[in-house]
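Here is how the chains run, residue by residue.
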Amino acid sequence: MDDSAPDSTPADRPDQPDRPVYVIGGGPAGLSVAYALRARGVRAVVLEKSEQVGASWRRHYDRLHLHTTRRLSALPGLPMPRRFGRWVSRDDVVRYLEKYAEFHELETVTGVEVSRVERTPDGTGWLLHATGGRELTGAAVIVATGYNHTPLLPDWPGREEYKGELLHAGEYRNPAPYAGRDVLVVGVGNTGAEIAVDLVEGGASRVRLSVRTAPHIVRRSTAGWAAQYTGVLVRRLPVGLVDRLARPMAKLSVPDLSAHGLPRPATGLYSRVKEGAIPVQDVGLIDAIRKGRVEVVAAVEGFENSEVMLTDGTRITPDTVIAATGYTRALDGLVGHLDVLDGHGGPLVNGARAPQNAPGLYFTGYVTPISGTFREVAIDAEKIAKTVMKDGAGRLSKLPV
Ligand SMILES: Cc1cc2nc3c(=O)[nH]c(=O)nc-3n(C[C@H](O)[C@H](O)[C@H](O)COP(=O)(O)OP(=O)(O)OC[C@H]3O[C@@H](n4cnc5c(N)ncnc54)[C@H](O)[C@@H]3O)c2cc1C
(Lines give C-alpha, C1' and ligand atoms only; values in the text may rest on other atoms or scores of the structure.)
Protein backbone atom coordinates (compact mmCIF):
# COMPACT_ATOMS: atom_id res chain seq x y z
CA MET A 1 0.00 0.00 0.00
CA ASP A 2 1.13 3.47 -0.79
CA ASP A 3 0.99 5.79 2.17
CA SER A 4 2.37 8.85 0.46
CA ALA A 5 -0.67 10.83 -0.59
CA PRO A 6 0.07 13.61 -3.03
CA ASP A 7 0.06 16.96 -1.26
CA SER A 8 -2.02 18.55 -3.95
CA THR A 9 -3.22 18.21 -7.50
CA PRO A 10 -3.95 21.19 -9.72
CA ALA A 11 -7.43 22.48 -9.03
CA ASP A 12 -7.65 24.83 -11.97
CA ARG A 13 -7.14 22.54 -14.98
CA PRO A 14 -10.40 20.92 -15.94
CA ASP A 15 -8.86 18.86 -18.71
CA GLN A 16 -6.27 17.25 -16.42
CA PRO A 17 -6.01 13.68 -17.58
CA ASP A 18 -4.35 12.70 -14.31
CA ARG A 19 -7.19 13.66 -12.03
CA PRO A 20 -8.11 10.45 -10.29
CA VAL A 21 -11.48 9.46 -8.97
CA TYR A 22 -11.24 9.60 -5.18
CA VAL A 23 -12.95 7.03 -3.04
CA ILE A 24 -13.33 8.09 0.58
CA GLY A 25 -13.23 5.05 2.87
CA GLY A 26 -11.48 1.69 2.57
CA GLY A 27 -14.28 -0.61 3.77
CA PRO A 28 -16.16 -3.13 1.63
CA ALA A 29 -18.11 -0.42 -0.20
CA GLY A 30 -15.11 1.77 -1.04
CA LEU A 31 -12.83 -1.11 -2.02
CA SER A 32 -15.38 -2.68 -4.34
CA VAL A 33 -16.07 0.56 -6.17
CA ALA A 34 -12.32 1.19 -6.50
CA TYR A 35 -11.98 -2.25 -8.06
CA ALA A 36 -14.89 -1.69 -10.45
CA LEU A 37 -13.34 1.59 -11.61
CA ARG A 38 -9.88 0.10 -11.98
CA ALA A 39 -11.29 -2.81 -13.97
CA ARG A 40 -12.51 -0.19 -16.46
CA GLY A 41 -9.10 1.46 -16.67
CA VAL A 42 -10.00 4.36 -14.39
CA ARG A 43 -7.48 5.52 -11.81
CA ALA A 44 -9.25 5.31 -8.44
CA VAL A 45 -7.49 6.31 -5.25
CA VAL A 46 -8.93 5.08 -1.95
CA LEU A 47 -8.36 7.46 0.96
CA GLU A 48 -8.65 5.65 4.28
CA LYS A 49 -8.34 7.44 7.61
CA SER A 50 -7.05 4.40 9.53
CA GLU A 51 -3.73 2.72 9.02
CA GLN A 52 -5.31 -0.29 7.29
CA VAL A 53 -8.30 -1.09 5.12
CA GLY A 54 -11.34 -2.74 6.71
CA ALA A 55 -11.06 -0.58 9.83
CA SER A 56 -14.68 -1.06 10.94
CA TRP A 57 -14.39 -4.83 10.82
CA ARG A 58 -11.18 -4.78 12.84
CA ARG A 59 -13.11 -3.07 15.65
CA HIS A 60 -16.13 -5.41 15.76
CA TYR A 61 -16.64 -7.80 18.70
CA ASP A 62 -14.77 -11.10 18.70
CA ARG A 63 -17.58 -13.55 18.10
CA LEU A 64 -19.09 -11.70 15.15
CA HIS A 65 -19.71 -13.67 11.98
CA LEU A 66 -21.38 -12.40 8.85
CA HIS A 67 -25.06 -13.25 8.99
CA THR A 68 -25.11 -13.14 5.22
CA THR A 69 -23.63 -16.10 3.38
CA ARG A 70 -20.06 -16.25 2.18
CA ARG A 71 -21.11 -16.51 -1.45
CA LEU A 72 -23.57 -13.63 -1.29
CA SER A 73 -21.10 -11.44 0.61
CA ALA A 74 -18.18 -11.60 -1.82
CA LEU A 75 -17.18 -8.35 -3.47
CA PRO A 76 -16.76 -8.12 -7.25
CA GLY A 77 -13.80 -9.87 -8.80
CA LEU A 78 -12.77 -12.09 -5.87
CA PRO A 79 -14.75 -14.91 -4.27
CA MET A 80 -14.30 -15.59 -0.57
CA PRO A 81 -12.39 -18.84 -0.05
CA ARG A 82 -14.47 -21.93 0.78
CA ARG A 83 -12.41 -22.53 3.88
CA PHE A 84 -14.03 -19.43 5.44
CA GLY A 85 -17.18 -21.54 5.83
CA ARG A 86 -20.75 -20.47 5.25
CA TRP A 87 -20.85 -17.81 7.96
CA VAL A 88 -17.59 -15.91 7.73
CA SER A 89 -15.88 -14.84 10.95
CA ARG A 90 -14.85 -11.28 11.67
CA ASP A 91 -11.15 -12.13 11.30
CA ASP A 92 -11.74 -13.76 7.94
CA VAL A 93 -13.69 -10.73 6.75
CA VAL A 94 -10.69 -8.60 7.65
CA ARG A 95 -8.34 -11.06 5.88
CA TYR A 96 -10.56 -10.97 2.84
CA LEU A 97 -10.63 -7.16 2.68
CA GLU A 98 -6.84 -6.99 2.99
CA LYS A 99 -6.47 -9.60 0.28
CA TYR A 100 -9.04 -7.83 -1.89
CA ALA A 101 -7.05 -4.59 -1.95
CA GLU A 102 -3.81 -6.46 -2.61
CA PHE A 103 -5.16 -8.86 -5.24
CA HIS A 104 -6.71 -6.08 -7.31
CA GLU A 105 -3.68 -3.83 -6.74
CA LEU A 106 -5.93 -1.05 -5.51
CA GLU A 107 -4.31 2.31 -4.94
CA THR A 108 -5.02 2.88 -1.27
CA VAL A 109 -3.63 5.71 0.77
CA THR A 110 -3.99 5.04 4.47
CA GLY A 111 -3.81 7.46 7.39
CA VAL A 112 -5.60 10.15 5.36
CA GLU A 113 -8.91 11.45 6.63
CA VAL A 114 -10.98 13.61 4.34
CA SER A 115 -12.64 16.41 6.29
CA ARG A 116 -14.46 18.33 3.56
CA VAL A 117 -15.46 17.91 -0.04
CA GLU A 118 -16.27 20.87 -2.28
CA ARG A 119 -16.53 21.78 -5.94
CA THR A 120 -13.38 23.07 -7.58
CA PRO A 121 -13.66 26.81 -8.21
CA ASP A 122 -14.17 26.18 -11.94
CA GLY A 123 -16.89 23.63 -11.20
CA THR A 124 -15.31 20.84 -13.22
CA GLY A 125 -14.16 18.56 -10.44
CA TRP A 126 -14.01 18.01 -6.70
CA LEU A 127 -11.61 19.39 -4.16
CA LEU A 128 -10.94 17.30 -1.08
CA HIS A 129 -9.49 18.69 2.13
CA ALA A 130 -7.63 15.99 4.00
CA THR A 131 -5.21 15.25 6.81
CA GLY A 132 -2.13 17.45 7.02
CA GLY A 133 -3.62 20.28 4.98
CA ARG A 134 -3.70 18.20 1.79
CA GLU A 135 -5.88 19.45 -1.03
CA LEU A 136 -6.66 16.81 -3.61
CA THR A 137 -8.56 17.34 -6.82
CA GLY A 138 -10.59 14.52 -8.29
CA ALA A 139 -12.62 14.09 -11.45
CA ALA A 140 -15.30 12.44 -9.32
CA VAL A 141 -15.70 11.42 -5.67
CA ILE A 142 -17.27 8.35 -4.17
CA VAL A 143 -18.17 8.73 -0.49
CA ALA A 144 -17.97 5.35 1.28
CA THR A 145 -17.37 6.31 4.90
CA GLY A 146 -19.88 3.81 6.29
CA TYR A 147 -23.46 3.72 7.52
CA ASN A 148 -22.14 2.78 10.97
CA HIS A 149 -19.71 5.66 11.23
CA THR A 150 -19.97 7.27 14.66
CA PRO A 151 -21.39 5.51 17.75
CA LEU A 152 -24.67 7.05 18.83
CA LEU A 153 -25.21 7.28 22.57
CA PRO A 154 -28.67 8.75 23.27
CA ASP A 155 -28.73 11.93 25.25
CA TRP A 156 -30.46 10.28 28.22
CA PRO A 157 -31.18 12.60 31.17
CA GLY A 158 -28.62 12.03 33.94
CA ARG A 159 -26.25 10.17 31.62
CA GLU A 160 -23.23 12.32 32.42
CA GLU A 161 -23.64 11.87 36.18
CA TYR A 162 -24.36 8.13 36.02
CA LYS A 163 -22.17 6.32 38.58
CA GLY A 164 -22.17 2.90 36.90
CA GLU A 165 -20.19 1.84 33.87
CA LEU A 166 -21.70 2.91 30.56
CA LEU A 167 -20.25 2.04 27.17
CA HIS A 168 -21.35 1.90 23.57
CA ALA A 169 -21.57 -1.51 21.91
CA GLY A 170 -18.87 -0.35 19.51
CA GLU A 171 -16.40 -0.64 22.40
CA TYR A 172 -17.50 -4.18 23.36
CA ARG A 173 -15.08 -6.93 22.37
CA ASN A 174 -15.94 -10.06 24.40
CA PRO A 175 -17.64 -11.06 27.66
CA ALA A 176 -14.47 -11.59 29.73
CA PRO A 177 -14.57 -8.24 31.59
CA TYR A 178 -18.23 -8.84 32.51
CA ALA A 179 -17.99 -12.32 34.03
CA GLY A 180 -19.88 -12.28 37.34
CA ARG A 181 -21.36 -8.87 36.61
CA ASP A 182 -24.91 -7.62 36.21
CA VAL A 183 -25.22 -6.12 32.74
CA LEU A 184 -27.97 -4.20 31.01
CA VAL A 185 -27.83 -4.24 27.20
CA VAL A 186 -29.85 -1.43 25.66
CA GLY A 187 -31.29 -2.00 22.21
CA VAL A 188 -32.24 -5.14 20.40
CA GLY A 189 -30.81 -4.87 16.93
CA ASN A 190 -28.49 -7.63 15.75
CA THR A 191 -25.65 -6.23 17.83
CA GLY A 192 -27.57 -5.90 21.11
CA ALA A 193 -29.11 -9.35 20.68
CA GLU A 194 -25.77 -11.01 20.05
CA ILE A 195 -23.96 -9.20 22.85
CA ALA A 196 -26.68 -10.27 25.30
CA VAL A 197 -26.15 -13.91 24.29
CA ASP A 198 -22.39 -13.52 24.40
CA LEU A 199 -22.60 -12.16 27.96
CA VAL A 200 -24.78 -15.07 29.10
CA GLU A 201 -22.38 -17.59 27.59
CA GLY A 202 -19.41 -15.69 29.00
CA GLY A 203 -20.62 -15.90 32.59
CA ALA A 204 -22.25 -12.55 33.37
CA SER A 205 -24.27 -12.97 36.60
CA ARG A 206 -27.36 -11.31 35.16
CA VAL A 207 -28.21 -10.06 31.68
CA ARG A 208 -31.12 -7.78 30.95
CA LEU A 209 -32.07 -6.50 27.54
CA SER A 210 -33.84 -3.17 27.31
CA VAL A 211 -36.30 -3.08 24.42
CA ARG A 212 -38.09 0.00 23.11
CA THR A 213 -39.62 -1.52 19.96
CA ALA A 214 -40.06 -5.29 19.68
CA PRO A 215 -37.89 -6.50 16.79
CA HIS A 216 -38.61 -8.98 14.06
CA ILE A 217 -36.60 -12.09 14.75
CA VAL A 218 -35.74 -14.54 12.00
CA ARG A 219 -33.79 -17.79 11.91
CA ARG A 220 -30.44 -17.28 10.18
CA SER A 221 -31.11 -20.44 8.23
CA THR A 222 -33.99 -22.92 8.05
CA ALA A 223 -33.28 -26.39 6.62
CA GLY A 224 -30.27 -24.94 4.82
CA TRP A 225 -32.22 -22.00 3.37
CA ALA A 226 -30.51 -18.80 4.54
CA ALA A 227 -32.78 -15.93 5.61
CA GLN A 228 -30.74 -13.79 3.23
CA TYR A 229 -32.03 -15.79 0.23
CA THR A 230 -35.57 -14.76 1.11
CA GLY A 231 -34.35 -11.18 1.48
CA VAL A 232 -32.90 -11.28 -2.03
CA LEU A 233 -36.10 -12.76 -3.49
CA VAL A 234 -38.48 -10.26 -1.90
CA ARG A 235 -36.45 -7.08 -2.04
CA ARG A 236 -38.24 -5.64 -5.07
CA LEU A 237 -41.75 -6.70 -3.99
CA PRO A 238 -44.21 -4.17 -2.52
CA VAL A 239 -43.56 -3.52 1.16
CA GLY A 240 -47.14 -4.34 2.22
CA LEU A 241 -47.04 -7.68 0.42
CA VAL A 242 -43.76 -8.72 2.06
CA ASP A 243 -45.13 -7.63 5.44
CA ARG A 244 -48.15 -9.89 4.90
CA LEU A 245 -46.04 -12.83 3.69
CA ALA A 246 -43.63 -12.51 6.62
CA ARG A 247 -46.31 -12.70 9.32
CA PRO A 248 -47.28 -16.39 8.97
CA MET A 249 -43.63 -17.33 8.33
CA ALA A 250 -42.63 -15.71 11.63
CA LYS A 251 -45.40 -17.54 13.48
CA LEU A 252 -44.16 -20.85 12.08
CA SER A 253 -40.47 -20.37 12.76
CA VAL A 254 -40.23 -18.14 15.84
CA PRO A 255 -42.02 -18.94 19.12
CA ASP A 256 -44.22 -16.36 20.80
CA LEU A 257 -42.10 -14.61 23.41
CA SER A 258 -44.87 -12.29 24.72
CA ALA A 259 -44.88 -14.00 28.09
CA HIS A 260 -41.20 -13.09 28.38
CA GLY A 261 -41.83 -9.43 27.55
CA LEU A 262 -41.18 -9.61 23.83
CA PRO A 263 -44.44 -9.51 21.88
CA ARG A 264 -44.60 -9.92 18.13
CA PRO A 265 -43.95 -6.52 16.52
CA ALA A 266 -46.89 -4.39 15.52
CA THR A 267 -45.22 -3.03 12.37
CA GLY A 268 -44.55 -5.34 9.42
CA LEU A 269 -41.11 -6.81 8.81
CA TYR A 270 -40.35 -5.04 5.55
CA SER A 271 -41.84 -1.75 6.79
CA ARG A 272 -39.33 -1.90 9.63
CA VAL A 273 -36.49 -2.62 7.18
CA LYS A 274 -37.51 0.46 5.23
CA GLU A 275 -37.22 2.44 8.48
CA GLY A 276 -33.66 1.13 8.84
CA ALA A 277 -34.26 -1.79 11.22
CA ILE A 278 -33.20 -5.08 9.68
CA PRO A 279 -34.59 -8.20 11.38
CA VAL A 280 -32.62 -9.74 14.22
CA GLN A 281 -31.02 -12.99 13.16
CA ASP A 282 -31.32 -15.47 15.94
CA VAL A 283 -27.92 -16.56 17.22
CA GLY A 284 -29.23 -17.87 20.55
CA LEU A 285 -31.46 -15.02 21.77
CA ILE A 286 -34.74 -16.92 21.52
CA ASP A 287 -33.38 -19.78 23.59
CA ALA A 288 -31.75 -17.46 26.14
CA ILE A 289 -35.00 -15.51 26.60
CA ARG A 290 -37.11 -18.64 26.97
CA LYS A 291 -34.73 -20.01 29.57
CA GLY A 292 -34.80 -16.72 31.46
CA ARG A 293 -31.09 -16.19 30.95
CA VAL A 294 -31.77 -12.94 29.14
CA GLU A 295 -34.52 -10.88 30.79
CA VAL A 296 -36.38 -8.41 28.64
CA VAL A 297 -37.04 -5.04 30.32
CA ALA A 298 -38.58 -1.73 29.25
CA ALA A 299 -36.77 1.05 27.40
CA VAL A 300 -34.31 3.30 29.19
CA GLU A 301 -35.67 6.70 30.18
CA GLY A 302 -32.69 8.13 32.01
CA PHE A 303 -30.18 7.75 34.83
CA GLU A 304 -30.05 8.90 38.43
CA ASN A 305 -26.87 8.28 40.43
CA SER A 306 -26.38 4.49 40.15
CA GLU A 307 -29.89 3.80 38.94
CA VAL A 308 -31.19 3.26 35.46
CA MET A 309 -34.79 4.44 35.09
CA LEU A 310 -36.99 2.50 32.72
CA THR A 311 -40.09 3.74 30.93
CA ASP A 312 -42.38 1.43 32.96
CA GLY A 313 -41.31 3.18 36.15
CA THR A 314 -38.85 0.48 37.26
CA ARG A 315 -35.43 1.48 38.55
CA ILE A 316 -32.57 -0.97 38.25
CA THR A 317 -28.92 -0.92 39.27
CA PRO A 318 -26.79 -2.96 36.87
CA ASP A 319 -23.00 -2.82 37.15
CA THR A 320 -22.63 -2.07 33.47
CA VAL A 321 -24.82 -0.63 30.75
CA ILE A 322 -23.92 -1.49 27.15
CA ALA A 323 -25.75 0.77 24.70
CA ALA A 324 -26.34 -1.03 21.43
CA THR A 325 -28.06 2.07 20.17
CA GLY A 326 -26.64 2.36 16.69
CA TYR A 327 -24.49 4.80 14.79
CA THR A 328 -24.80 8.03 12.86
CA ARG A 329 -23.54 8.67 9.34
CA ALA A 330 -21.61 11.80 10.45
CA LEU A 331 -21.62 13.21 6.94
CA ASP A 332 -22.40 16.81 7.91
CA GLY A 333 -18.85 18.11 8.10
CA LEU A 334 -17.80 16.25 4.99
CA VAL A 335 -20.62 17.15 2.58
CA GLY A 336 -23.38 18.84 4.61
CA HIS A 337 -22.71 22.22 2.97
CA LEU A 338 -23.42 20.75 -0.49
CA ASP A 339 -27.12 20.28 0.20
CA VAL A 340 -26.94 16.57 -0.55
CA LEU A 341 -28.17 15.16 2.79
CA ASP A 342 -31.66 14.31 3.99
CA GLY A 343 -33.24 15.23 7.33
CA HIS A 344 -31.58 12.24 9.02
CA GLY A 345 -28.07 13.10 7.88
CA GLY A 346 -27.95 10.39 5.22
CA PRO A 347 -27.34 11.11 1.53
CA LEU A 348 -30.37 12.02 -0.58
CA VAL A 349 -29.30 9.41 -3.11
CA ASN A 350 -27.20 6.28 -2.80
CA GLY A 351 -25.54 4.22 -5.50
CA ALA A 352 -25.15 5.10 -9.17
CA ARG A 353 -27.14 8.34 -9.04
CA ALA A 354 -25.35 11.57 -8.15
CA PRO A 355 -27.42 14.30 -6.48
CA GLN A 356 -28.76 16.68 -9.14
CA ASN A 357 -26.86 19.61 -7.69
CA ALA A 358 -23.61 17.62 -7.31
CA PRO A 359 -22.72 15.79 -10.52
CA GLY A 360 -19.77 13.45 -10.05
CA LEU A 361 -20.40 12.93 -6.33
CA TYR A 362 -21.62 9.46 -5.37
CA PHE A 363 -22.49 7.70 -2.12
CA THR A 364 -22.31 4.00 -1.50
CA GLY A 365 -23.14 1.88 1.53
CA TYR A 366 -25.75 4.20 3.09
CA VAL A 367 -28.58 1.71 2.98
CA THR A 368 -29.64 -1.23 5.15
CA PRO A 369 -31.02 -3.60 2.53
CA ILE A 370 -32.92 -6.75 3.45
CA SER A 371 -30.66 -8.63 1.02
CA GLY A 372 -27.37 -7.77 2.79
CA THR A 373 -25.13 -4.72 2.56
CA PHE A 374 -22.07 -6.56 1.21
CA ARG A 375 -24.17 -7.88 -1.65
CA GLU A 376 -25.70 -4.52 -2.44
CA VAL A 377 -22.45 -2.53 -2.31
CA ALA A 378 -20.93 -5.10 -4.65
CA ILE A 379 -23.75 -4.57 -7.16
CA ASP A 380 -23.68 -0.79 -6.73
CA ALA A 381 -19.90 -0.72 -7.28
CA GLU A 382 -20.31 -1.90 -10.87
CA LYS A 383 -23.20 0.48 -11.48
CA ILE A 384 -21.33 3.46 -10.07
CA ALA A 385 -18.23 2.67 -12.14
CA LYS A 386 -20.35 2.49 -15.32
CA THR A 387 -21.97 5.83 -14.52
CA VAL A 388 -18.62 7.47 -13.80
CA MET A 389 -17.41 6.29 -17.23
CA LYS A 390 -20.55 7.58 -18.91
CA ASP A 391 -20.36 10.95 -17.16
CA GLY A 392 -16.93 11.57 -18.57
CA ALA A 393 -15.07 11.57 -15.27
CA GLY A 394 -13.65 8.19 -16.23
CA ARG A 395 -12.03 9.71 -19.30
CA LEU A 396 -10.27 12.33 -17.18
CA SER A 397 -8.80 9.74 -14.88
CA LYS A 398 -7.30 7.04 -17.08
CA LEU A 399 -4.71 4.71 -15.66
CA PRO A 400 -1.32 5.16 -17.30
CA VAL A 401 -0.74 2.48 -19.95
C1 LIG B 1 -21.82 -5.51 13.75
C2 LIG B 1 -22.15 -5.46 12.28
C3 LIG B 1 -22.36 -6.63 11.57
C4 LIG B 1 -22.67 -6.60 10.20
N5 LIG B 1 -22.87 -7.77 9.54
C6 LIG B 1 -23.18 -7.74 8.23
C7 LIG B 1 -23.40 -8.96 7.50
O8 LIG B 1 -23.37 -10.04 8.05
N9 LIG B 1 -23.66 -8.88 6.17
C10 LIG B 1 -23.75 -7.69 5.51
O11 LIG B 1 -23.98 -7.68 4.31
N12 LIG B 1 -23.57 -6.53 6.19
C13 LIG B 1 -23.29 -6.53 7.51
N14 LIG B 1 -23.12 -5.34 8.18
C15 LIG B 1 -23.39 -4.07 7.49
C16 LIG B 1 -22.26 -3.61 6.54
O17 LIG B 1 -22.04 -4.58 5.55
C18 LIG B 1 -20.96 -3.34 7.23
O19 LIG B 1 -21.14 -2.31 8.16
C20 LIG B 1 -19.86 -2.92 6.22
O21 LIG B 1 -18.64 -2.82 6.88
C22 LIG B 1 -20.19 -1.62 5.51
O23 LIG B 1 -19.15 -1.31 4.63
P24 LIG B 1 -18.77 0.19 4.27
O25 LIG B 1 -17.56 0.12 3.38
O26 LIG B 1 -19.96 0.89 3.77
O27 LIG B 1 -18.41 0.87 5.66
P28 LIG B 1 -17.22 0.58 6.67
O29 LIG B 1 -16.86 -0.86 6.67
O30 LIG B 1 -17.59 1.21 7.94
O31 LIG B 1 -15.98 1.34 6.01
C32 LIG B 1 -15.88 2.75 6.01
C33 LIG B 1 -14.41 3.10 5.99
O34 LIG B 1 -14.28 4.50 5.80
C35 LIG B 1 -13.26 5.00 6.63
N36 LIG B 1 -13.55 6.42 6.83
C37 LIG B 1 -14.60 6.93 7.49
N38 LIG B 1 -14.60 8.29 7.42
C39 LIG B 1 -13.51 8.62 6.66
C40 LIG B 1 -12.98 9.86 6.20
N41 LIG B 1 -13.57 11.03 6.50
N42 LIG B 1 -11.86 9.85 5.46
C43 LIG B 1 -11.25 8.66 5.15
N44 LIG B 1 -11.71 7.46 5.56
C45 LIG B 1 -12.84 7.43 6.29
C46 LIG B 1 -13.35 4.14 7.88
O47 LIG B 1 -12.16 4.15 8.62
C48 LIG B 1 -13.70 2.78 7.30
O49 LIG B 1 -12.55 2.01 7.01
C50 LIG B 1 -22.78 -5.35 9.53
C51 LIG B 1 -22.58 -4.18 10.26
C52 LIG B 1 -22.27 -4.22 11.61
C53 LIG B 1 -22.05 -2.93 12.36
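As the structure is a prediction and not an experimental result, all values here were calculated from the model.

The rules behind these values
- Residues numbered from 1 in each chain as written.
- Predicted model: local features only at pLDDT ≥ 70, side-chain atom pairs only at ≥ 80, totals over all residues.
- Heavy atoms only, no water.
- Pairing = 2+ DSSP bridges.
- Helix = DSSP H or I, 4+ residues; strand = E, 2+ residues; numbered from the N terminus.
- Axes fitted to C-alpha atoms, helices over the stretch in contact; angles between N-to-C directions.
- Expected span 1.5 Å × (residues − 1).
- Buried < 20%, exposed > 50% of the residue type's maximum accessible area, 1.4 Å probe, protein only.
- Contact = heavy atoms within 4.5 Å.
- Near = heavy atom within 4 Å.
- Polar contact = N/O pair within 3.5 Å; in protein donor to acceptor, adjacent residues only side chain to side chain.
- Areas by Shrake-Rupley, 256 points an atom, 1.4 Å probe, with all protein chains shown as cover.
- Nonpolar A, V, L, I, M, F, W, Y, C, P; charged D, E, K, R; others polar.
- Salt bridge = Lys/Arg side-chain N within 4 Å of Asp/Glu carboxyl O.
- Domains from an automatic or database assignment.
- Buried area = accessible area lost by both parts, 1.4 Å probe.
- Phe/Tyr/Trp six-rings, centres within 6.5 Å; stacked < 30°, edge-to-face > 60°.

## Topic: the sheet that holds strand S20 (residues 320–323)
Across the sheet, which stays open at both edges, the five strands sit in the order S9-S20-S10-S11-S16 with parallel pairing between neighbours. Looking at the sheet topology across the chains shown, the edges are occupied by strand S9 (165–168) and strand S16 (295–297). Along the sheet, successive strands turn relative to each other by an average axial angle of 25°, direction set aside. Here strand S11 (residues 206–210) runs beside S16; their pairing, made up of three bridges, is parallel. Residue pairing for S16: Arg208 is matched across the bridge by Glu295.

## Focus on helix H3 (residues 90–103)
An α-helix turns once per 3.6 residues; consequently, residues spaced three or four apart project the same way. Its 14 residues give H3 an end-to-end C-alpha distance of 20 Å, which sits within 8% of 20 Å, the value for a rise of 1.5 Å per residue. Buried residues of H3: Arg90, Asp92, Val93, Val94, Tyr96, Leu97, Tyr100 and Ala101, and no others. Of the surrounding secondary structure, the elements contacted by the buried residues of H3 are helix H1 (28–38), helix H2 (55–59) and helix H10 (373–391). Directly beyond the C-terminal end of H3, a positive phi value near 50° is found at Glu105.

## Here's the deal with the site of the ligand
Around the ligand, a shell composed of 30 residues is seen, among which Glu48, Ser56, His67, Thr68 and Phe374 lie nearest. The side chain of Asn148 places a nitrogen or oxygen atom 3.4 Å from an oxygen atom of the ligand. Within the side chain of His149, one N or O atom sits 3.1 Å away from a nitrogen atom of the ligand. Within the complex, 92% of the 980 Å² of free accessible area of the ligand lies under protein. At three residues, the largest contribution of residues to the shell around the ligand is made by H2. Split into classes, the residues belonging to the shell around the ligand amount to 12 nonpolar, 15 polar and three charged.

## A short note on the pattern of salt bridges
By the definition in use, this model includes 22 salt bridges. The partner of Arg206 in a salt bridge is Glu295, and the shortest N-O contact between them spans 2.7 Å. Here Glu295 lies in strand S16 and Arg206 lies in strand S11, a separation of 89 residues in the sequence. Across the pair Glu376 and Arg235 runs a salt bridge whose closest N-O atoms are separated by 3.4 Å. Of this pair, Glu376 sits in helix H10 while Arg235 sits in the loop between helix H5 (227–234) and helix H6 (239–253), and the two are 141 residues apart along the sequence. Via salt bridges that share partners, Arg63, Glu194, Asp198 and Glu201 belong to a single interconnected network.

## Topic: the domain arrangement of the protein chain
Split by domain assignment, the protein chain resolves into domain 1 (10–149 + 329–391) and domain 2 (151–323). The distance between the C-alpha centroids of domain 1 and domain 2 comes to 30 Å. Contact with domain 1, which involves 22 residues of that partner, is made by 29 residues of domain 2. Roughly 2200 Å² is buried in total at the junction of domain 1 and domain 2, and carbon and sulfur atoms are behind 51% of that figure. The three residues of domain 1 that bury the most area against domain 2 are Tyr61, Arg63 and Ile370, which together make up 37% of that side's buried surface. On the surface where domain 1 and domain 2 come into contact, there are 13 residue pairs in polar contact (both at pLDDT 80 or more).

## With respect to the packing of aromatic side chains
The description of two aromatic rings rests on the distance between their centres and on the angle between their planes. Following the criterion strictly, the structure yields nine aromatic pairs and no others. Note on Trp57 and Phe374: the rings are 6.0 Å apart at their centroids and 75° apart in plane angle, and the pair reads as edge-to-face. Residue Trp57 is found in helix H2, and its partner Phe374 is found in helix H10; the two are separated by 317 residues along the sequence. The same class applies to Trp57 as to Phe374, namely buried. Pairing Trp156 with Phe303 gives two aromatic rings, centres 5.6 Å apart and planes at 70°, and the pair type is edge-to-face.

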